[in-house]
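Residue-level structural notes
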Amino acid sequence: MRYSTLLARTRAQSSTVSMCLRGRSVDRRHFTPSTQRQQTYIVWAPDYTDEGALARRMAVRQKHFITANKLIKQGILKVAGGLLTPEISETQDAAPGNRKFVGSALLYEAENLEAVRRLVEQDLYWTENVWDKDKVVILPIVMATTLQDRAGITQPTPED
């Protein structure tokens, strides 16, 4: 029996009915249309290029990490990092203040694009004018690989 046919039949049955899908018993609640499915979104947030952009980034960086870590613990933010200029690859161990950041890349899991937009607009890098608000891109992404199970901030925060 095709999956779509099986799904249509289970929707017509009561919510307590279990069904067999490829030899496994699966509770019907996981297949109801009312279940909101999470989508993964990628955010590319380039920094402003004015002379004070790096100073603004560094001024709020630790608070930014605290907020990001909370979103990671909630399962909303999956991966995030600062984007560097290509020439920095020679000196990756440089102190953060000596790095040339050009923006950020983030992966969120949310119900829809607007939910991600709200998260981005609440981020300190947005509110403190680190990210170029006219150039931020948010797109749904179909993951070809899985993300690691344990995520977390790799940079120290005041909470550490």
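A brief structural summary. Computed from a predicted structure; not experimentally measured.

Turning next to the packing of aromatic side chains. In this structure the tally under the stated criterion is one aromatic pair. Ring centres 5.7 Å apart and planes at 85 degrees place the aromatic pair tyrosine 125 and tryptophan 131 in the edge-to-face group.

With that settled, the discussion passes to the pattern of salt bridges. Scanning the model with the defined rule gives five salt bridges in all. Linking arginine 56 and aspartate 50 is a salt bridge whose minimum nitrogen-to-oxygen distance equals 2.9 Å. Classification of arginine 56 by relative accessible area gives partly exposed; the value is 26%. Given the relative accessible area of 37%, aspartate 50 is considered partly exposed. For arginine 117, the salt bridge identified is with glutamate 114, shortest N-O distance 3.5 Å. One end of the pair is arginine 117 and the other is glutamate 114, both in helix α3 (residues 113–122) and three residues apart, which spans about a single turn. Given a relative accessible area of 32%, arginine 117 falls into the partly exposed group.

A separate point is unusual backbone geometry. With glycine set apart, most residues show a phi of negative sign, and most peptide bonds adopt trans. Even without being a glycine, asparagine 129 presents a positive backbone phi close to 60 degrees. Within the secondary structure, asparagine 129 is located in the loop between α4 (124–127) and β6 (137–140). Taking the relative accessible area as the measure of exposure, asparagine 129 reaches 33% and is therefore partly exposed.

On to the sheet that holds β6, then. Reading across the sheet, the four strands line up as β4-β5-β3-β6 and stay open at both edges, with antiparallel pairing between neighbours. Of all the strands in the sheet, just β4 (77–84) and β6 have a single pairing partner and so form its edges. Across the sheet, the mean angle separating the axes of adjacent strands is 15 degrees when strand polarity is ignored. Pairing of strand β3 (residues 39–46) with strand β5 (residues 101–110), which is carried by eight bridges, proceeds in the antiparallel orientation.

Okay, helix α2 (residues 53–73) next. The end-to-end C-alpha distance of α2 is 28 Å, a good match for the 30 Å that 21 residues give at a rise of 1.5 Å each. For α2, the full list of buried residues reads Ala53, Arg57, Val60, Arg61, His64, Phe65, Ile66, Ala68, Asn69, Leu71 and Ile72. Close packing links the buried residues of α2 with β4, β5, α3 and α4. One or two positions beyond α2, positive phi appears at glycine 75, with a value near 80 degrees.

About the thresholds
Residues numbered from 1 in each chain as written. Predicted model: local features only at pLDDT ≥ 70, side-chain atom pairs only at ≥ 80, totals over all residues. Heavy atoms only, no water. Phe/Tyr/Trp six-rings, centres within 6.5 Å; stacked < 30°, edge-to-face > 60°. Salt bridge = Lys/Arg side-chain N within 4 Å of Asp/Glu carboxyl O. Buried < 20%, exposed > 50% of the residue type's maximum accessible area, 1.4 Å probe, protein only. Helix = DSSP H or I, 4+ residues; strand = E, 2+ residues; numbered from the N terminus. Pairing = 2+ DSSP bridges. Axes fitted to C-alpha atoms, helices over the stretch in contact; angles between N-to-C directions. Expected span 1.5 Å × (residues − 1). Contact = heavy atoms within 4.5 Å.

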